[in-house]
Amino acid sequence: MKKALILVDIQNDFVPGGALPVPDGDAVVAVANKAMRHFDLVVAIQDWHPADHSSFASRHKGHRPGDMVVIDGLRQILWPDHCVQNTRGAEFVPGLEMERITKVFHKGMSRNDDSYSGFFDNGHRNSTGLGDYLREMGVDEVTIMGLATDYCVKFTVLDAAMLGFKTRLIIEGVRGVEVQKGDSEKAVEEMRKAGIGVLSVEDIGKGF
Ligand code: VGL
Ligand code: ZN
C-alpha cells in the first residue's frame, strides 16, 4: 500500500501579505519541500473560490469578516475575499516545489458551499474526488500539513480519518488563523482525539 502527502491550501492569500494571512504561514513551505521526498504520492489542495463566493463578508450587506451567518442551514464564518480563481492570491506560494505534486484538487468552487476539508464541502453534500483518487492509487496512509491548522487542515484530517485512512499530521508544517486565541491548540487536541498521529517532519521516514 502507498503513502500520500496532502498539502492543504499553501496559497499566497494565506501567507503574510495575502488577503487572509495566517501568521508565519510562509514557514510551512520549507517543511513541505522537505517532507515531499518521502512520499509515493503528493497531492495539493487549492482553495478556489468564484469572485462572488458566499463566504466573503463583502457579499453580505452590513457584515464584516469574522461575523457568523447561516447559509443553506449551515453556520458560516465570514472571511475577507480570498483565493479567487485565477488570481495571484489563489496561486501556490512561490518556492513550493510544484514538480513533486502529482495532482491538485480544488475546493470551494460553488458559490453557496464553503469547503474547509479537501475531501468534502462543509455540508458533506459533494466530494472533491480526493478520497476516490487516493483509493484508486492504492493509498492507505495519508500525512497532512498546510494552512490553516484550525480550519482547512483540521477538517481535512478529520475527514481522512473518517474515510478510514491511517492519518498523520506534521506538526511543524501547520499554522493557524486563530480567529480566537488558542484555536490551533484546540484543533490539534481534537485531531489527536480522533486518533490521528502527530509527528515531526524529522520522523517521517521512521513510521509511527
Ligand atoms: C481557509 C478560511 C477560509 C483555510 C480557507 O485554508 O483554512 N480558511 N478558506
Ligand atoms: Zn476559503
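Residues numbered from 1 in each chain as written. Chains lettered and ligands numbered in written order. Predicted model: local features only at pLDDT ≥ 70, side-chain atom pairs only at ≥ 80, totals over all residues. Heavy atoms only, no water.

With respect to the sheet that holds strand β5 (residues 103–107)
Okay, step 1: The six strands lie next to each other as β5-β2-β1-β6-β7-β8, forming an open sheet whose pairing is parallel. Lying at the two open borders of the sheet, with one neighbouring strand each, are β5 and β8 (197–199). Put simply, the sheet's adjacent strands are angled 25° from each other on average, direction ignored.
Okay, step 2: Note: strand β6 (residues 139–147) against strand β7 (residues 166–175), six bridges, orientation parallel. By the bridge assignment, E141 is partnered in β7 with K166.
Okay, step 3: Its contacts with the sheet place helix α3 (residues 149–162) against β1 (2–8), β5, β6 and β7, and it is angled at close to 175° to β6. (Pairing = 2+ DSSP bridges. Helix = DSSP H or I, 4+ residues; strand = E, 2+ residues; numbered from the N terminus. Axes fitted to C-alpha atoms, helices over the stretch in contact; angles between N-to-C directions. Contact = heavy atoms within 4.5 Å.)

Thoughts on the pattern of salt bridges
Okay, step 1: Throughout the structure, instances matching the rule amount to eleven salt bridges.
Okay, step 2: K3 serves as the salt-bridge partner of E141, at 3.5 Å between the closest nitrogen and oxygen. Taken as a pair, E141 in strand β6 and K3 in strand β1 lie far apart in primary sequence, 138 residues in all.
Okay, step 3: By relative accessible area, K3 is classed as partly exposed at 36%.
Okay, step 4: Here R175 makes a salt bridge to D24, at a shortest N to O gap of 2.8 Å. Note that R175 is positioned in strand β7 and D24 in the loop between β1 and α1 (28–36), a separation of 151 residues in sequence. (Salt bridge = Lys/Arg side-chain N within 4 Å of Asp/Glu carboxyl O. Buried < 20%, exposed > 50% of the residue type's maximum accessible area, 1.4 Å probe, protein only.)

Quick word on the packing of α3 against helix α4 (residues 183–193)
Think of two packed helices as two axes; the pair is described by the angle between the axes and how far apart they sit.
Okay, step 1: With their axes 9 Å apart at the nearest point, α3 and α4 run at an angle of 5° to one another. Regarding the angle of α3 to α4, the classification is roughly parallel. From α3, T149, D150, V153, K154, V157 and L158 reach across to α4, where they touch D183, S184, A187, V188, E190 and M191.
Okay, step 2: Per-class residue counts for the contact of α3 with α4 are six nonpolar, two polar and four charged. (Parallel < 35°, antiparallel > 145°, perpendicular 65-115°, else oblique. Nonpolar A, V, L, I, M, F, W, Y, C, P; charged D, E, K, R; others polar.)

What to know about the nonpolar core
Okay, step 1: In this structure, I6, L7, L134 and M145 are the most contacted members of the largest nonpolar core, which totals 61 residues.
Okay, step 2: Where this core is concerned, the elements lending two or more residues are β1, α1, β2 (41–47), α2 (130–136), β6, α3, β7 and α4.
Okay, step 3: Counting residues per element, this core draws most heavily on α1, at six residues.
Okay, step 4: Excluding residues that lie within four positions of it along the chain, M145 makes contacts with L5, I6, L7, V8, I10, V28, V31, A32, V153, I170, G173 and V174. (Core = buried A, V, L, I, M, F, W, Y, C linked by side-chain atoms within 4.5 Å.)

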